[in-house]
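Single-letter residue listing:
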Amino acid sequence: MKILVTGGCGYIGSHTCVELLESGYEVVIVDNLSNSQADVVDKIKTITNKDVKFYQEDVCDKKDLEHIFTNEQIDAVIHFAGLKAVGESVSKPLMYYRNNLDSTLTLLEIMNNHNCKKIVFSSSATVYGKPHKLPITEDFPLQTTNPYGSTKLMIEMILNDLYASDNEWSIAILRYFNPIGAHKSGLIGENPNGIPNNLMPYIVKVATGELKELNVFGNDYDTKDGTGVRDYIHVVDLAKGHIKAIEKVMQEKGIDTYNLGTGKGYSVLEIVNTFQKVNNINVPYKIVERRPGDIDACYASTEKAAKLLNWRAELELDEMCKDAYNFVSKNKE
Ligand code: NAD
Ligand code: UFG
C-alpha cells in the first residue's frame, strides 16, 4: 500500500511518515521545503531503517503532481501541506488562500484524474472558533476568526461538496487540537526559526536560553488559574491517529470528521510547571496582556475517534514536555 504524504517533511507529517513506515506502508513524500528541511527525509529513514521516496515539488504545481501520480501507484493521500501561522495569515491573507486552497484543489483534481479517491486531510480545532461549551464535539457550529482558519473551513466544504458529487471518494477530515512533543529519538520534532508563536516552542527556547522569558498571555480568563486552557496532544499519538484514519478510508467510502485530541485541558501555568519539573530546568515567565483573538479554553470530545477509528491518545503531559525539550537540546547549533 503506497501513501503519498504532502508536507511530509514538516512537523506532523514527518512523525506520520515514521508511523506509516513502521506499520508497513510504502511512503512517498512531496514537500516544497517552504517550512522544513530536506534532511528530515534521512532522519525518517534512520529512525525506521526503511526507504522513503522524496519529491521536492510544490503541490500547487499541476505538472509536478501529475508526474508523481504517473510515476507512482498511489493508493491514498495524507494532505498536510499548507501554511499554518495564524498571525502571518492575517497580514498575508492572499498568500494563505493561494497556497492552502490552490494546493488542495490541484491535488484533488490530479487524484480524480488518476482515480485515486482516498484522502486524509489535516484540519484544525480552529474551525470551532469560540466554542459555546466544552468538550467540543464534531457537530459543534463552525466559525473562523482568521484567514488560516478560513482556509481550513473552506477545504472542509470543498471535500464535502466533492463527496456529494461522487460517492466513490473516501475522505477523513481530522481536526487537530494542540500538537506538541517530538519523537523519542530526538531526530525529528518542532523547532521554528525566529520567535515562536506557539506556547511549547517558546517555552523550549526560554529553557535553552535563546529567549529570556515566557510572556503568559493573560491570567484573567475564566479557567482554573486564569491562564488559557488547551488540549495538548503528543505528536506521536497524533501521527498514530493518521494510521487509523488511513485504515478507515481504505476500508469504506464516505466522508467523516474526527477530533484528534486527548480530551484533557491544561492551563499555560500547568504546562510551564510540568515542563520545569520533568526537565529539571527553570522557565522564567511574566504575565502580560491577553493575546488578541485567544479564547479561554478549548478541549476535545474524543469519543467519536475512539468509537469509529478505534484510536485514543495515550501519552501524558510529562512525556510531551520531556520529548519537546529532548529534541531541541539535541539539535541546538
Ligand atoms: P509544518 O509547517 O511543519 O508542515 C507543513 C509542510 O508543508 C512543510 O514541510 C512545508 O514545507 C510544506 N508545504 C507547505 N506548502 C506547500 C506546498 N504548496 N507544496 C508542498 N509542500 C508545502 O506544519 P505542521 O505543524 O506539520 O502542520 C501540518 C498540517 O497540519 C498543516 O496543514 C497545518 O495547518 C495542520 N495543523 C497544524 C497544527 C499545529 O499546531 N501544528 C494544528 C492544526 C492543524
Ligand atoms: N501562550 C502564551 N504565551 C505564548 C504563546 C502562547 O501564554 O508565548 C498561550 C496562549 O494564550 C494560549 C496557549 O498558550 O492560551 C496556547 O497557545 P498556542 O499559540 O500554542 O496555541 P493556540 O491554541 O492559540 O493555537 C494553536 C495553533 C492554531 C490552531 C489551534 C487549534 O496555533 O493554528 O492551536 O488547533 F488552530
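One can find the structure itself at the top, above this paragraph.
Residues numbered from 1 in each chain as written. Chains lettered and ligands numbered in written order. Predicted model: local features only at pLDDT ≥ 70, side-chain atom pairs only at ≥ 80, totals over all residues. Heavy atoms only, no water.

Q: Can you tell me about the sheet that holds strand 1 (residues 2-6), naming the residues and giving the values?
A: Strand order in this open sheet of seven strands is 3-2-1-4-5-6-11, and the pairing throughout is parallel. With one partner strand each, in any of the chains shown, strand 3 (53-55) and strand 11 (254-260) form the two edges of the open sheet. Each adjacent strand pair in this sheet contributes to an overall mean axis angle of 20 degrees, direction not counted. (Pairing = 2+ DSSP bridges. Helix = DSSP H or I, 4+ residues; strand = E, 2+ residues; numbered from the N terminus. Axes fitted to C-alpha atoms, helices over the stretch in contact; angles between N-to-C directions.)

Q: Which residues make up the site of ligand 2, and what values go with them?
A: The environment of ligand 2 is made up of 22 residues, and the closest members are N198, N215, R230, R291 and D294. At 2.8 Å, a side-chain N or O of R291 approaches an oxygen atom of ligand 2. Notes on ligand 2: free accessible area 690 Å², of which the protein chains cover 88%. The leading source of residues in the shell around ligand 2 is strand 8 (residues 214-217), at four residues. Here the residues of the shell around ligand 2 sort into 12 nonpolar, seven polar and three charged. (Near = heavy atom within 4 Å. Polar contact = N/O pair within 3.5 Å; in protein donor to acceptor, adjacent residues only side chain to side chain. Areas by Shrake-Rupley, 256 points an atom, 1.4 Å probe, with all protein chains shown as cover. Nonpolar A, V, L, I, M, F, W, Y, C, P; charged D, E, K, R; others polar.)

Q: For empty space enclosed by the protein, give the residues involved together with the corresponding values.
A: This structure, assessed with the given rule, holds two cavities of 30 Å³ or more. If you trace the largest cavity, you find it lined by Y11, I180, G181, A182, E190, M200, P201, V204, A324, F327 and V328. Only helix 7 (199-207) and helix 11 (317-330) provide two or more residues apiece to the lining of the largest cavity. Across the lining of the largest cavity, the residue classes tally to nine nonpolar, one polar and one charged. Approximately 40 Å³ is the volume attributed to the second largest cavity. Taken together, H79, F80, A81, G82, N100, T104, F121, K152 and I155 form the lining of the second largest cavity. If you list the elements that add at least two residues to the lining of the second largest cavity, you get helix 5 (93-113) and helix 6 (147-165). Residue composition of the lining of the second largest cavity, by class: four nonpolar, four polar and one charged. (1 Å grid on protein atoms, 1.4 Å probe; cavity = no way out; pocket = protein on both sides within 12 Å on 5 of 7 lines; lining within 4 Å. Points joined across faces, edges and corners; volume = space filled by probe spheres on them.)

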